[in-house]
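# A closer look at the structure
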Amino acid sequence: MRTIIKNTTAFIGENFDRYNGIDILIEDELIKKIGKNIEASNKDEVLNCKDFFVTPGFVNAHFHPSQQLNRALGVGLSHDEQMDLLHASDRIKKPDDKYWLSYMAVLEGLKAGTTCFYSVGSEIETQIKVYNNLGIRAACTLIPKDIEANEKDELVRAKTWDAKERIKTAEEFHKKYHSNLVRVHFGIATVRYASDELILGMQKLAEKYDVYFHMHAAEGNEYVTAVQKRTSDRPVEHLYKIGALNHRVSLAHMTKLTKEEIKYLVEKKVHVVHCPRANSYVAVGVCPVKELFDAGVNVCLGSDAAINNNSNRVLSDAHAAFDKLADKYERADIIDYLTLFKMLTINGAKAMGLEKKIGTIEEGKNADLVLWSKNDYPFIPGFNLLADLIFADDGCMAHTVFINGKKILENYKSTMMNEEELKQQAKAIAVRYYSLFKEQVSKNL
Ligand SMILES: [Zn+2]
């Protein structure tokens, strides 16, 4: 199967150089050729894309689609209070609820240009099904806890697992579900509630199967204090001491870091996932992005949605990342839009070990491409289209999306599933869930 995206504007290579009047040939899963006047045969699909521009798809490097049902139920709560609400409400959810609502979260992200998700949770079997059905690239990761939150009332305690059992399950899931498109990686929730045995056991599997490892870390003062109380170490310091930092590891949030801890990240080539809007939403502080970049750490972006952020559009996190730095330093040149664009694409790919496959438009890479219509409002006048994407973020909608060479979104709609039917399912679940939530959860907290 060959498709030629004809006569378009495209941002090519690691520096996103702009080319006008260029063709992109997609053959099977790959970007086969980029050039002027690529010849088409009768069998080829030819898309005349003069009024479009093409970017690589975005990577949302920290994402909880299964939490969509709690979106906007905890506005104004601190991080710990938000988690308490989530754990209490998990008890009234039926297994299928999270499955159907995950479609809403993933589709919202896809329509804003996300083609790859680092997707975490306890229900990755249903997440894997969602990504496969929609044709979307992801790495799904179980993020268990094995230390009981005894300081909390039973109603709001998270589910904990036996470390050995969960490591075994994670390996079984990897063997059963890992594929080229939907990968199965390894991880834990947080060093606050995970033993060294669980952390190192999951990391061993990442090494064994040559995939990556993901977790939350240093997410606010309560997190840091709790880890210090249990281990006498700060979170990143503890991970360093037990030998749990390496190039396969990405750590989300990271708002509370010392200079020493940043040195550990550099030494061990650890990736940091900046989640600016989520960090603001639950008030856990600001990730020191400038200091991390200055030190040479790879920093990418995550939405941490659906509850700690209420929006699954990681594009808007690039905008928020700019705002936070400009406000902090009272300078508009601390981070430039091309760096933000790298955070959205190739840096995220690096954090997932996928930089040879995705993150840029280059011959030989997988065809994960987004076509944006130049007739859409954010792109008129369209003098600097990449900056338009970042700063007109909430108005930008992907017109057509290819993932792994397959057209999975066309004219703003999924080609894989009936979106209206998915919405009806999700809405019906939401109505039932909300009345139970009011009756059994919010009243008791
Ligand atoms: Zn998270």
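You'll find the structure just up there.
Here is what the cut-offs are and how they apply
Residues numbered from 1 in each chain as written. Predicted model: local features only at pLDDT ≥ 70, side-chain atom pairs only at ≥ 80, totals over all residues. Core = buried A, V, L, I, M, F, W, Y, C linked by C-beta atoms within 7 Å. Buried ≥ 20, exposed ≤ 12 C-beta atoms within 10 Å, placed from the backbone. Contact = placed C-beta atoms within 7 Å. Helix = DSSP H or I, 4+ residues; strand = E, 2+ residues; numbered from the N terminus. Pairing = 2+ DSSP bridges. Axes fitted to C-alpha atoms, helices over the stretch in contact; angles between N-to-C directions.

## Regarding the nonpolar core
- Residues Val54, Ala321 and Leu344 are the most contacted members of the largest nonpolar core, which totals 142 residues.
- Residues within four places of Leu344 in sequence aside, it is in contact with Phe58, Val59, Leu301, Val314, Leu315 and Ala318.

## Considerations on unusual backbone geometry
- Along the chain, Ala305 connects to Ala306 via a cis peptide bond; the corresponding omega equals 20°.
- If you trace the backbone, Ala306 turns up in the loop between strand S13 (298–301) and helix H11 (314–329).
- Looking along the chain, the bond that leaves Ile380 and enters Pro381 is cis, with omega of 15°.
- Within the element layout of this structure, Pro381 appears in the loop between strand S14 (369–373) and helix H14 (385–391).
- In this model, Ala72 sits at a positive phi of 70°, which is unusual for a non-glycine residue.
- Topologically, Ala72 is positioned in the loop between strand S6 (58–63) and helix H1 (79–90).
- For Tyr412, which is not glycine, the phi torsion reads 70° and is therefore positive.
- Looking at where Tyr412 falls in the secondary structure, it is placed in the loop between strand S16 (406–410) and strand S17 (413–414).
- Looking at Tyr412, the number of C-beta atoms within 10 Å reads 14, which means it is partly exposed.

## What to know about the sheet that holds S13
- Strand order in the open sheet formed by eight strands is S6-S7-S8-S9-S10-S11-S12-S13, and the pairing between neighbours is parallel. With partners counted over all chains shown, the strands left at the sheet margins are S6 and S13, one partner each. The average undirected angle you get between the axes of adjacent strands in this sheet is 25°.
- Sheet strands in contact with helix H4 (residues 163–177) are strand S8 (137–142) and strand S9 (182–190), and its direction is about 165° off that of S9.
- Contacting S6 and S13, helix H12 (residues 337–344) runs over the sheet at an angle of about 75° to S13.

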